[in-house]
Amino acid sequence: MRIDKLLANLGYGSRKDVKKILKTGKVSVNGGIVKDPKFHINPDIDTVVLNGEELHYRPFIYLMMNKPQGVISATEDLRDQTVIDLLAIEDTVLKPFPVGRLDKDTEGLLLLTNDGLLSHQLLSPKKHVPKTYYAVVKGEVTAQDILTFKNGVTLDDGYQTKPAILNILKSGLRSEIELTITEGKFHQVKRMFAAVGKKVVYLKRVSMGPLYLDDDLALGEYRELTEAEVTLLKEYTP
Ligand code: URA
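What counts and how
- Residues numbered from 1 in each chain as written.
- Predicted model: local features only at pLDDT ≥ 70, side-chain atom pairs only at ≥ 80, totals over all residues.
- Heavy atoms only, no water.
- Near = heavy atom within 4 Å.
- Polar contact = N/O pair within 3.5 Å; in protein donor to acceptor, adjacent residues only side chain to side chain.
- Areas by Shrake-Rupley, 256 points an atom, 1.4 Å probe, with all protein chains shown as cover.
- Helix = DSSP H or I, 4+ residues; strand = E, 2+ residues; numbered from the N terminus.
- Domains from an automatic or database assignment.
- Pairing = 2+ DSSP bridges.

Visitor: Would you explain the site of the ligand in this entry?
Guide: Around the ligand sit Leu102, Asp103, Thr106, Tyr133, His187, Gln188, Val189, Lys190 and Leu203, and that is every residue in its neighbourhood. Separating a nitrogen atom of the ligand from a backbone N or O atom of valine 189 is a distance of 3.1 Å. A distance of 3.1 Å separates an oxygen atom of the ligand from a polar backbone atom of lysine 190. Contact with the protein chains removes 95% of the 240 Å² of surface that the ligand exposes when unbound. Element by element, the count of residues in the shell around the ligand is highest for helix H5 (residues 188–195), at 3 residues. Residue-level mapping places the shell around the ligand at the junction of two domains, with at least three residues from each of domain 2 (62–125 + 211–235) and domain 3 (131–208).

Encoded structure:
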């Protein structure tokens, strides 16, 4: 890999910016000053130092965000703020994208990564990765709804949902529930409740496969996944 690409990937600016840094003679590879942007290094073997600090190349970034309402799960949008707009500049260098979508008014767990393979594995309909949502529902959620969701409910377009696990946390005119689904149809949770005559008034994703939303993250905040979380995700088979 070229030294200018490595420095750019680590967030030291564009290739042009990086060229300027190299010119100053502040970058060394295995102890020798390197000024040529085309100089090739092996990130697994070579020691690259900038201003006395050793640099560690990594190809992937994995972020967990507590998505707030009003922000869309896309990389760019002409009208609305996106989840990428919430990231610090240095965290956008490796070009992470959201793994799946949450509605604009849905909060909670959103994974962002540039690891296309992992994203595909988590989203593939064949994998049936469970996703759990907490919701506040207008109307009384009943034991019958638990059965209906377990057997699959017919959505407005005729689609029959796969078995889902409904857990009633609080029943009343405003019910609180937890729902686990293994697919990701458009507006699925809201449409499942609409199919039984109820309206979701608040929705938050709390888990995706083995990954749970970190309670310490305020809305709009994010953090890198720990190595253990990345391994759990990669090795996960539902
Ligand atoms: N189901 C929905 O209705 N909305 C979401 O954002 C996620 C699941």
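On we go from here.
Visitor: How should the domain arrangement of the protein chain be read in this particular structure?
Guide: A common way to report how large an interface is uses the accessible area buried once the components associate. Segmentation of the protein chain into domains returns domain 1 (3–55), domain 2 (62–125 + 211–235) and domain 3 (131–208). The C-alpha centroid of domain 2 is placed 29 Å from the C-alpha centroid of domain 1.

Visitor: Is there a simple way to think about the pairing of strand S10 (residues 174–181) in this case?
Guide: Every regular strand shows the same layout, with side chains that alternate between the two sheet faces. Of the strand pairs in this sheet, strand S8 (residues 131–138) and S10 are connected by 8 bridges, and their pairing is antiparallel. By the bridge assignment for S10, threonine 132 is matched with threonine 180. Across 5 bridges, the pairing between strand S9 (residues 165–170) and S10 is antiparallel. Following the sheet pairing, isoleucine 165 is matched in S10 by threonine 180. A loop of 3 residues connects S9 with S10, the two strands running antiparallel in sequence.

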